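Notes for the structure review
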Amino acid sequence: TATLRLILGDQLNASHSWFKDVSPNTVYLIAELAQEATYATHHVQKVCAFFSAMAEFANALANCGHQVIYLTLDETQHYPDLPALLEHIITSKQLTAFDYQQPDEYRLAQQLGELAWPNVTKSKYDSEHFLLPFDDIKAQFAPNKHVKMEFFYRRMRKRFNVLMQDVEPLGGQWNFDQQNREHFKQQDLADIPSPLLFANDVSAILTRLKRHNINTIGKAQSSLLWPVNRRQARQLLDYFCQHLLIRFGRFQDAMTENSRADWSLYHSRLSFAINAKMISPNEVIHKVIQHWQAHQHDISLTQVEGFVRQILGWREYVRGIYWGNMPNYATKNALQAQRPLPNYFWTANTKMNCMHQAIKQSLDYAYAHHIQRLMVTGCFSLLAGLHPDEVDQWYLGIYIDAIEWVEMPNTRGMTQFADGGIVATKPYAASGNYLNKMSDYCKTCHYNVKLKTEANACPFNSLYWHFIERHHAQFSRNPRMTMVYKNWQKMDTHMQQAIIDKANTLLENIENL
Ligand code: FAD
Ligand code: SF4
């Protein structure tokens, strides 16, 4: 038999058992496809990063002796979609077997699941990437049911024996989040290391995107700073261990626009490399723990636990939420949010400094760190009642690491509460006070974070109370929100009305904030 094996753009896993043996009867296909470049309007750096990493992977496979078909947009342009391309290759080469790996996205799983050709055997393989086996998801993530991340994470720690001492968590505590919520003080800023940036030439890809009229957003860079192969992914991981891990947890939630700090602070920027499977979550976790074990006099467990929680906890958890709840998850809109996204999400032209900084950085680098995504753009979208379909599309397009399985539970679930509480037990709604505490954005903002109703009052303040008031029915009986509703009720009715009026005026003029 002669077999065609498909490798999707986020399946660049060199350790996959497929590649253990070289066979003259197996041909691997890696293809740039318009369907993938256009299912959302992507950041140009994201498309370049995927295409470049795919080409690198194809080269690496060929160098190991595997047979590889690598097709660019030039060669795939005449096929309307992936099934049409596969059909052509299978019939023209008279192949008798088709293998693929379980896609992480529902859309692709459906598309590949439906394929069938006479006299061709189709087989699906595990992607051999995640810690939690795909078949275990259904048992842990029942549809429409809230699953608490913390308990999932503890089960994962035990199951995979990560940061454990027998059956107890190392350090006697599962979670060090309370110690991990510092903002930057002036004296902290000078210590922040510059990010490790690569310089991968993607000029040919940029030309190709233009030639094929692929619509993108964000700032193009012919010299791509993101990792595009395993070697670079490992360099980034080493850099993280050596320079960033030491304060990762401590400043995980902090934000700054100070020019002495670079844009990615103490974050690893590994998400693209991990999501494209150039490096495995297991390798990342163990490398970080190993590094910590060798440097325990410098690096505290708090920093390491904070990092491990993101990958062993959150990352595996959102995948479970996605597969446990798709396809219904994609249409959930529990808070009936209907407003379209204002134009400044694509231009960063807004007087709200926090929004300007988060969006500008996203347009420049296809990157914002977790708290910028959650508490700036995410929180604003929640407070303003922006439609989760539009919010999802924006997040899915703009970030270097955005693939639906990880983007959607974070966006629709965690930030927008559109899933009605499958992910979060209460909405991540906050007034300007939170942003003022965790960042220096308010200091230079056009708006005043201390004011609620005045002309120059911070929009987050009145929008916050508007959100609380308009969702009274959903949240007032939520025990985690009792205090908030008490505070609202304690407020003078004239003040309440002034705040609601102010928020309504802002919402009517949302494009001009
Ligand atoms: P670090 O801060 O260094 O964290 C280390 C790693 O932990 C990340 O590389 C990532 O693999 C993992 N991680 C951390 N938080 C999460 C999380 N909540 N969910 C899943 N993995 C996590 N992450 C994506 O990979 N793709 C997305 O499309 C995506 N969309 C998001 C949308 C919103 C609204 C929010 C609030 C978060 C989103 N995240 C997404 C999670 C998180 O913001 C990014 O993983 C992180 O910012 C990537 O930067 P980093 O590699 O420097 O992360
Ligand atoms: Fe953002 Fe309000 Fe602070 Fe301005 S004042 S940066 S809008 S939180």
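That block above? That's the structure.
Each chain carries its own residue numbering, running from 1 in the direction its sequence is written. Here every chain gets a letter starting at A, and every ligand a number starting at 1, in the order they are written. The predicted origin of the model limits local features to residues at a pLDDT of at least 70 and limits the giving and counting of side-chain atom pairs to 80 or more, whereas totals for whole chains, interfaces and linings rest on all residues. Only hydrogens and water are removed before side-chain values are computed, so all heavy atoms of the structure are retained for them.

Strand pairing in a sheet is mediated by backbone hydrogen bonds. Such pairs are either parallel or antiparallel. Pairs of strands are assigned from DSSP output, requiring at least two bridges between the strands. The way it works is that DSSP assigns letters per residue, a run of H or I at least four long becomes a helix, a run of E at least two long becomes a strand, and they are numbered from the N terminus. Spatially, the 5 strands line up as an open sheet ordered 3-2-1-4-5, and their pairing is parallel. Looking along the sheet, the strands with just one partner apiece sit at the ends: strand 3 (67–71) and strand 5 (121–125). Between one strand axis and the next, the sheet turns through 20° on average, direction left out of account. Bridging between strand 1 (residues 3–6) and strand 2 (residues 26–31) involves 4 bridges; their strand directions are parallel. Bridge assignment links Arg 5 to a residue of strand 2, and that residue is Tyr 28. Only heavy atoms enter the contact rule, under which two residues are in contact if any of them lie within 4.5 Å. The convention used is that axes are lines fitted to C-alpha atoms, helices contributing only their stretch in contact, and that angles between N-to-C directions extend from 0 to 180 degrees. Running over the sheet, helix 2 (residues 44–63) touches strand 2 and strand 3 and is turned about 160° from strand 3.

Right, let's talk about the pattern of salt bridges for a bit. Here, a salt bridge means any side-chain nitrogen of Lys or Arg that lies within 4 Å of a carboxyl oxygen of Asp or Glu. By the definition in use, this model includes 20 salt bridges. With its nearest N and O atoms 2.4 Å apart, the salt bridge here joins Glu 32 to Arg 208. Remark: Arg 208 occurs in helix 9 (residues 203–211) and Glu 32 occurs in the loop between strand 2 and helix 1 (34–38); sequence separation between them is 176 residues. Both residues of the pair, Glu 32 and Arg 208, belong to the buried class. Across the salt bridge formed by Arg 107 and Glu 105, the nearest N and O atoms sit 3.3 Å from each other. Partly exposed residues are those whose accessible area sits between 20% and 50% of the maximum for their type, while under 20% is buried and over 50% is exposed, using a 1.4 Å probe and protein chains only. Given the relative accessible area of 4%, Glu 105 is considered buried. Here the salt bridges do not stand alone but share partners, grouping Glu 150, Arg 154, Arg 157, Glu 305 and Arg 309 into one network.

Quick look at the site of ligand 1 now. It suffices for a single heavy atom of a residue to lie within 4 Å of a molecule or strand for the residue to be listed as near it. Among the 30 residues in the neighbourhood of ligand 1, the closest are listed as His 267, Ser 268, Arg 269, Asn 275 and Tyr 367. Under this definition, polar contacts are N or O atom pairs within 3.5 Å; protein pairs additionally need one hydrogen-donor-capable and one acceptor-capable atom, and for neighbouring residues in sequence, both atoms have to be side-chain atoms. Between an oxygen atom of ligand 1 and a main-chain N or O atom of Leu 270, the distance comes to 3.0 Å. With respect to ligand 1, the backbone of Ser 271 contributes an N or O atom lying 3.0 Å from an oxygen atom. Elements that contribute at least two residues to the shell around ligand 1 include exactly helix 11 (271–275), helix 13 (301–325), helix 16 (370–384) and helix 18 (404–415). Looking at the shell around ligand 1 residue by residue, the classes come out as 15 nonpolar, 10 polar and 5 charged. Lys, Arg, Asp and Glu make up the charged group, whereas Ala, Val, Leu, Ile, Met, Phe, Trp, Tyr, Cys and Pro make up the nonpolar group; the residues left over, Gly among them, are polar.

Below, the discussion takes up the packing of aromatic side chains. A pair of Phe, Tyr and Trp rings is counted when the ring centres sit within 6.5 Å of each other, with Trp represented by its six-membered ring. The angle between the planes then sorts it: under 30 degrees is stacked, over 60 is edge-to-face, the rest tilted. On inspection of all chains with the given rule, the structure shows 37 aromatic pairs. Ring centres of Phe 184 and Tyr 266 lie 6.5 Å apart, and the angle between their planes is 35°; on these two criteria the pair is classed as tilted. Placement of Phe 184 in the loop between strand 7 (168–169) and helix 8 (186–189) and of Tyr 266 in the loop between helix 10 (230–248) and helix 11 is noted, with a sequence separation of 82 residues between them. Pair check on accessibility: Phe 184 and Tyr 266 agree, each one buried. Ring centres of Tyr 464 and Trp 465 lie 4.9 Å apart, and the angle between their planes is 70°; on these two criteria the pair is classed as edge-to-face. With respect to class, Tyr 464 is no different from Trp 465; both count as buried.

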